[in-house]
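Each chain, written out:
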Amino acid sequence: MKMIIGGAYQGKLAYAKKQNPYIHWTDGELCEGDNIFEAEGVFHFEKYIQSMIKKENWSEKEAIDFASKLTKKCPDIVIVTQEIGYGLVPADAFDRRYRELTGRICTVLAANSDQVDRVVCGIGVTIKGGNIK
């Protein structure tokens, strides 16, 4: 598993496609339910989580279980996700829950990823795995 993280509009998808030119990409905002387990690469992963929290009303345990299942069923998937945990804590209860569960899911995925890259201004920096020296 590989993860590519970064802020909004930082060039994550372009970076991911350059690093992984031969995989088929799925838009997490449009992905339905278990279809995520068929994906080779997913961008807007945070939007997938948001829709599942709305549709399935995931608890923290269900979110962690999903992350564990994804790492087991999709060991070669590439996940591109926006970092949403920085900044002010949202006033809206759903937005706080979404932010927290997304962070918990991404923490599990990063722990189980072979490589995690962070993209800022289109420049990727490997923060886990890869050829870090």
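Quick note: structure is the one above.
Residues numbered from 1 in each chain as written. Predicted model: local features only at pLDDT ≥ 70, side-chain atom pairs only at ≥ 80, totals over all residues. Heavy atoms only, no water.

A. Fine view of the nonpolar core. Counting residues in each nonpolar core, the largest one holds 28 residues, and the members touching the most others are Phe 45, Trp 58, Phe 66, Leu 70, Ile 105 and Leu 109. Looking at this core, the elements that each hand over two or more residues are strand S1 (2-6), helix H2 (45-56), helix H3 (60-73) and helix H4 (93-112). Ranked by residues supplied to this core, first place goes to H4 with 6 residues. Aside from chain neighbours lying at most four places away, what touches Ile 105 is Phe 45, Ile 49, Trp 58, Ala 63, Phe 66 and Ala 67. Residues Ile 4, Phe 43, Val 80 and Val 119 belong to the second largest nonpolar core, which totals 8 residues. (Core = buried A, V, L, I, M, F, W, Y, C linked by side-chain atoms within 4.5 Å. Buried < 20%, exposed > 50% of the residue type's maximum accessible area, 1.4 Å probe, protein only. Helix = DSSP H or I, 4+ residues; strand = E, 2+ residues; numbered from the N terminus. Contact = heavy atoms within 4.5 Å.)

B. Examining H4 more closely. Here H4 contains 20 residues, and its C-alpha end-to-end distance of 29 Å stays within 8% of the 28 Å for a straight helix at 1.5 Å per residue. Here H4 has its buried residues at Tyr 98, Arg 99, Leu 101, Thr 102, Ile 105, Cys 106, Val 108 and Leu 109. Those residues of H4 that are buried lie in contact with S1, H2, H3 and strand S4 (78-82). Looking at where H4 begins, the residue whose side-chain oxygen comes 3.1 Å from the main-chain nitrogen of Phe 94 is Asp 92. (Expected span 1.5 Å × (residues − 1). Polar contact = N/O pair within 3.5 Å; in protein donor to acceptor, adjacent residues only side chain to side chain.)

C. Highlighting the packing of aromatic side chains. Applying the stated criterion across every chain, the model contains 6 aromatic pairs. Between Phe 94 and Tyr 98, the aromatic rings sit 6.4 Å apart at their centres with planes inclined by 5°, giving stacked as the arrangement. Placement of both Phe 94 and Tyr 98 in helix H4 is noted, with a separation of 4 residues, approximately one turn of the helix. Given the relative accessible area of 9%, Tyr 98 is considered buried. Geometry around Phe 37 places Lys 73 over its ring, the cationic atom sitting 5.1 Å from the centre. (Phe/Tyr/Trp six-rings, centres within 6.5 Å; stacked < 30°, edge-to-face > 60°. Lys NZ or Arg CZ within 6 Å of the ring centre and 35° of its normal.)

D. The arrangement of unusual backbone geometry in detail. Positive phi outside glycine occurs at His 44, with the angle close to 60°. Topologically, His 44 is positioned in the loop between strand S3 (41-43) and H2. On the basis of relative accessibility, which here comes to 31%, the residue His 44 falls in the partly exposed class. With a phi angle near 50°, Asn 57 is a residue other than glycine that sits in the positive phi range. By relative accessible area, Asn 57 is classed as exposed at 53%.

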